[in-house]
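# Structure at a glance
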Amino acid sequence: MKELDGHRFAEMVMMGSHHLSNNADFVDSLNVFPVPDGDTGTNMNLSMTSGAKETEQAATDHIGRTAQALSKGLLMGARGNSGVILSQLFRGFGKAIEDNATLDAKEFAGAFQAGVDTAYKAVMKPVEGTILTVAKDAAKTAVGTAESESDIIKVMEALTDEAKASLKRTPDLLPVLKEVGVVDSGGQGLVFVYEGFLSALRGEELPVTTQTSMDDLVSAEHHKSIQGFMDTSEIEFGYCTEFMVRFEEDKTADNPFDESKFREDLSAYGDSLLVISDDEIAKVHIHSEDPGEVLSYGKKYGSLIKIKIENMREQHTAILEKDEPAQTAQQPAKHPYAIITVSMGPGIAELFRSIGASYVIEGGQTMNPSTEDIVRAIREVGAERALILPNNKNIIMAAEQAAEVSGIEAAVVPTKNVPQGLAAILAFNPEAPVSDNAASMAEAFSHVRTGQVTTAVRDTTIDGVEIRKGSFMGMAEGKIVNSDASLKNVTESLIHEVVDEGSEIVTILFGEGATRQGADELAAYIEEQYPDVEVEIHEGKQPLYPYIISAE
């Protein structure tokens, strides 16, 4: 093949997207840390699906315009750092060929190199041994191959082979990958995309995912439920909750899974219930007023994955506003400032609103919001200026893209967890410019130390800490510091990693897996160990993390 046009490129994008989708769970499983939020595959899949959808709708013979459609779809659909980097790779690819009707082998290889250049510039501190390295090595090989090879398929074969080889080398560049015994998850996702590209060029077929049945059922349920309410106050069960339970033998041995009983028990927590299961996994969709209770029940049978919780009252309000006459869009901005924040758990969301958040995006560890989700939140508030608090290091890049394309003056306050977000909002000054607020809010959260307790999803050893699947882990400032079968032991030990003699206020957010009594006992322990510290307790209702603790 000497030339590549837009329609053939669109076929490559479709095949790459399908192949990644089929293998998203495998990519998720490569997460280095054994925490229940390994979502690189999910983020890349959702990002690529958005790009493929836009490509399919806008594909023409002109490859430059088709590549621009892919770039646009990826940009708005990008979720998590891996999704944002993927979007930047094809943003540079599309920019390099925007005027080309077709590509020859050299131009094709050069576009991949342009994508790598763009992605490296987008990352403040590029780390080798990641998706960036895989993309860089593959593009370099493609450019070299195209010097003597005019067949585009041969160039794509060389690029894909080198991507696989580079992926195998990632543990040699990142010691933590070698310690855990995995390759880089983002790099693996990119390899799946490239494999799909190559198969499309060869005219081969790859299996297409069939995991849409549950999505179709969910769409039907939403059509029947939320759209039918005349007033938002009529919604009885306000949180759309979706998750999967990966069955674990130690739990199902004494408590065998029975789908009928599982469905009947869950029906007590809400409506619009859907359950699909096989021998390994149960997938659940339910509208509930207390997602934490639903997740706690599901956890009786195994570990929770792919959690997504959305506030349907906010969704319904947005739908009603969208249905209002067009002239409402012409009205002046409702607020001078919008503070957009991300959280997981209705208690934490309410806490953010109580101290000044304009819009809380339901998301976080297991379901990173996309660039488009964040832009939509900014526009729904209708403000002249915006400050975005990601509260998760894996959402910062998507937030930065959202600020860039929002159309108003916006800045990201790079909070990496909920306690940092809470501290940042308290420093907000409605009279100050965006840049001043961003600086002062960043200064405010820099003094916060954070600890989190969660459950391990596999056996491993990291930084000398031996971890067993199902045990609790304590993390201080994102680093795993202890692990034990006892929640009490892990949490009390973690306190000493977070709190010191200079701490004045300690905040405890207790969620799924913890109780008010347990939180009170923890507070008493802290007061005994650090008599000068003031302790605050809030029920965050967050899944996956029984305790989130901060000191400042």
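The structure contained in this document is the topic of the report that follows. (Residues numbered from 1 in each chain as written. Predicted model: local features only at pLDDT ≥ 70, side-chain atom pairs only at ≥ 80, totals over all residues. Heavy atoms only, no water.)

Looking now at the sheet that holds strand β1 (residues 239-247). Where strands meet in a sheet, backbone hydrogen bonds hold them as pairs that are either parallel or antiparallel. If you trace the four strands from one edge of the open sheet to the other, you get β2-β3-β1-β4, paired in antiparallel fashion. In this open sheet, the two edge strands, each paired with only one partner strand, are β2 (270-277) and β4 (302-311). Sheet twist, expressed as the mean angle between neighbouring strand axes with direction ignored, is 10°. Note: β2 against strand β3 (residues 281-288), six bridges, orientation antiparallel. Looking at the pairing, V275 lines up with V284 of β3. Packed onto the sheet, helix α13 (residues 259-266) meets β1, β2 and β3 and runs at close to 160° relative to β2. (Pairing = 2+ DSSP bridges. Helix = DSSP H or I, 4+ residues; strand = E, 2+ residues; numbered from the N terminus. Axes fitted to C-alpha atoms, helices over the stretch in contact; angles between N-to-C directions. Contact = heavy atoms within 4.5 Å.)

Another point: unusual backbone geometry. Despite not being glycine, N391 shows a phi value in the positive range, around 60°. Position of N391 among the secondary structure elements: in the loop between β7 (383-389) and α18 (396-405). Despite not being glycine, K541 has its phi angle at roughly 60°, a positive value. Relative to the elements of secondary structure, K541 occurs in the loop between β15 (534-539) and β16 (547-551).

With their axes 11 Å apart at the nearest point, helix α21 (residues 487-498) and helix α22 (residues 516-529) run at an angle of 40° to one another. On the basis of their axis angle, the class for α21 and α22 is oblique. Here α21 runs over α22; the crossing is right-handed. Facing α21, whose interface residues are T491, E492, I495 and H496, α22 presents L522, Y525, I526 and Q529. Taken together, the residues that form the contact of α21 with α22 break down as four nonpolar, three polar and one charged. (Parallel < 35°, antiparallel > 145°, perpendicular 65-115°, else oblique. Left-handed = near helix turned anticlockwise from the far one by under 90°. Nonpolar A, V, L, I, M, F, W, Y, C, P; charged D, E, K, R; others polar.)

We now examine the packing of α13 against helix α14 (residues 291-298). Packed helices, taken two at a time, are described by the angle between their axes plus the distance between the axes. Two elements in contact, α13 and α14, have axes separated by 11 Å at closest approach and are oriented at 160°. The orientation of α13 with respect to α14, classified from their angle, is roughly antiparallel. Taken as a pair, α13 and α14 cross one another with a handedness that is right-handed. Residues K261, F262, D265 and L266 of α13 pack against V294, Y297 and G298 of α14. Tallied by class, the residues present in the contact of α13 with α14 amount to four nonpolar, one polar and two charged.

Another aspect to go through is the pairing of β16. Most of β16 sits out of view: five of its five residues are buried. Across the two faces of β16 the burial is the same, with Y547, I549 and A551 and I548 and S550 all buried. When strand β9 (residues 449-455) meets β16, the two strands line up antiparallel, connected through five bridges. Bridge assignment links G451 to a residue of β16, and that residue is I549. (Buried < 20%, exposed > 50% of the residue type's maximum accessible area, 1.4 Å probe, protein only.)

With respect to the secondary-structure elements, A398 resides in helix α18. With 311 residues separating them along the chain, A398 and S87 place their C-alpha atoms 10.0 Å apart. Ignoring anything within four residues of it in the chain, the contact list for A398 reads A78, V84, P369, T371 and I374.

Per the counting criterion, the structure on display carries two cavities of 30 Å³ or more. Lining the largest cavity are L89, F90, F93, F112, G115, V116, A135, A139 and Y194. Taken together, the elements giving at least two residues each to the lining of the largest cavity come down to α5 (80-96), α6 (105-122) and α7 (131-146). Grouping the constituent residues of the lining of the largest cavity by class yields eight nonpolar, one polar and no charged. (1 Å grid on protein atoms, 1.4 Å probe; cavity = no way out; pocket = protein on both sides within 12 Å on 5 of 7 lines; lining within 4 Å. Points joined across faces, edges and corners; volume = space filled by probe spheres on them.)

On to the pattern of salt bridges, then. In this structure the tally under the stated criterion is 20 salt bridges. As a salt-bridge pair, R8 and E11 come within 3.5 Å of each other at their nearest N and O atoms. A residue pair is termed a helical-turn pair when its members lie 3 or 4 positions apart in one helix, as R8 and E11 do in helix α1 (residues 6-22) at three residues. Looking at R8, the relative accessible area reads 26%, which means it is partly exposed. Each of R79, D373 and R376 takes part in a single network of salt bridges with overlapping partners. (Salt bridge = Lys/Arg side-chain N within 4 Å of Asp/Glu carboxyl O.)

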